[in-house]
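# Coordinates in review
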Amino acid sequence: MTKPHQPLRSDAQRNRDAVLTAAIAVLGRRPEASMQEIADASGVGRTTVYRHFPAREDLVHALFDRVVDEHRAVVTDALAEGGTAAEILRGLGPRIIRAGERFRFLNAHGDPAREDPLKNPGAKEPLLVWLTDAQRRGELKPGLPPDWMYTMIHALAVAANAQAQEGHRTTDEAGRLLGETLVQAFAA
């Protein structure tokens, strides 16, 4: 496996990305699918898959990293579009749920020992930075610490995704309700 600080050659990066993309599709349909099935779907050989991901848990960890990256991209895109705090919060709900829907299969591969950087954000986490700045501007309710708001958004997103996954709400309904809940809870 390539060391994290070592950049991959462009062809190796393409192969790794192909495996991850195939894993999302294959495991999304069948969470118990084999590494061979993922290799077949990715268009690279099984040895290439194992070169990047020596064990299934290495692949799963990389997929969890992809979830974090995609969720950060969702937040960054929503913030870049601008608008009032209420508009941003309302828009985040559906985006978060759609991103979560893509990776629901990972619930079957949960690793309770694995630290979730979205659950315990660093000071530069885009959503936490925005919450802090928006509260300073008076756009969010005073008295609620930004890290508390962040934690509640994360928890509500997990719960909303579970509602959709369990069939209690459609994906669209869960996203809309999440956005409205965020507005009611946090917008000034």
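About the criteria used
- Residues numbered from 1 in each chain as written.
- Predicted model: local features only at pLDDT ≥ 70, side-chain atom pairs only at ≥ 80, totals over all residues.
- Heavy atoms only, no water.
- Helix = DSSP H or I, 4+ residues; strand = E, 2+ residues; numbered from the N terminus.
- Buried < 20%, exposed > 50% of the residue type's maximum accessible area, 1.4 Å probe, protein only.
- Contact = heavy atoms within 4.5 Å.
- Areas by Shrake-Rupley, 256 points an atom, 1.4 Å probe, with all protein chains shown as cover.
- Axes fitted to C-alpha atoms, helices over the stretch in contact; angles between N-to-C directions.
- Parallel < 35°, antiparallel > 145°, perpendicular 65-115°, else oblique.
- Left-handed = near helix turned anticlockwise from the far one by under 90°.
- Nonpolar A, V, L, I, M, F, W, Y, C, P; charged D, E, K, R; others polar.
- Core = buried A, V, L, I, M, F, W, Y, C linked by side-chain atoms within 4.5 Å.
- Expected span 1.5 Å × (residues − 1).

Let's shift gears to the overall build of the protein. Counting its secondary structure elements, the protein contains 8 helices and 0 strands. Within the protein, the fraction of its 188 residues that count as buried is 39%. Put simply, of all contacts in the protein between residues at least 6 apart along the chain, 66% involve residues at least 24 apart. Here the protein displays about 10,300 Å² of accessible surface, and carbon together with sulfur accounts for 53% of that area.

Next up on the list: the environment of Gln-165. Within the fold, Gln-165 resides in helix α7 (residues 146-165). Measuring from C-alpha to C-alpha, the distance between Gln-165 and Phe-105 comes to 9.8 Å, with 60 residues separating the pair along the chain.

Once that is clear, we can look at the packing of α7 against helix α8 (residues 171-186). Running from N to C, α7 and α8 cross one another at 155°; their axes reach a closest spacing of 9 Å. Relative to α8, the element α7 is oriented roughly antiparallel. For the element pair α7 and α8, the recorded crossing hand is right-handed. For the pair formed by α7 and α8, the contact residues are Met-149, Met-152, Ile-153, Leu-156, Ala-157, Ala-160 and Ala-164 on the first element and Thr-171, Ala-174, Leu-178, Thr-181, Leu-182 and Phe-186 on the second. Of the residues contributing to the contact of α7 with α8, the split by class is 11 nonpolar, 2 polar and no charged.

Next up on the list: the nonpolar core. In this structure, Leu-89, Leu-127, Trp-130, Leu-131 and Leu-140 are the most contacted members of the largest nonpolar core, which totals 27 residues. If we ignore the near neighbours within four places in the chain, the residues touching Leu-131 are Leu-140, Pro-146, Met-149, Tyr-150 and Ile-153. Counting residues in each nonpolar core, the second largest holds 21 residues, with Ile-38, Ala-39, Leu-63 and Phe-105 among its members.

This part is about the packing of helix α1 (residues 10-29) against helix α4 (residues 56-81). Two quantities define a packed helix pair, namely the angle between the axes and the distance from one axis to the other. Here α1 crosses α4 at 90°, and the two axes come no closer than 11 Å. On the basis of their axis angle, the class for α1 and α4 is roughly perpendicular. Side by side, α1 and α4 meet where Arg-16, Asp-17, Val-19, Leu-20, Thr-21, Ala-23, Ile-24 and Leu-27 of the first sit next to Arg-56, Leu-59, Ala-62, Leu-63 and Arg-66 of the second.

Here we come to α4. An α-helical turn contains 3.6 residues, so any two residues separated by three or four positions project in the same direction. For α4, spanning 26 residues, the distance from its first C-alpha to its last is 38 Å, which sits close to the expected 38 Å at 1.5 Å a residue. All of the buried residues in α4 are Leu-59, Val-60, Ala-62, Leu-63, Arg-66, Val-67, Val-68, His-71, Val-74, Val-75, Ala-78 and Leu-79. Buried residues along α4 sit against α1, α2 (35-42), α5 (85-102) and α6 (126-136). Trailing α4 by a residue or two, Gly-82 shows a phi angle of about 75°, which is positive.

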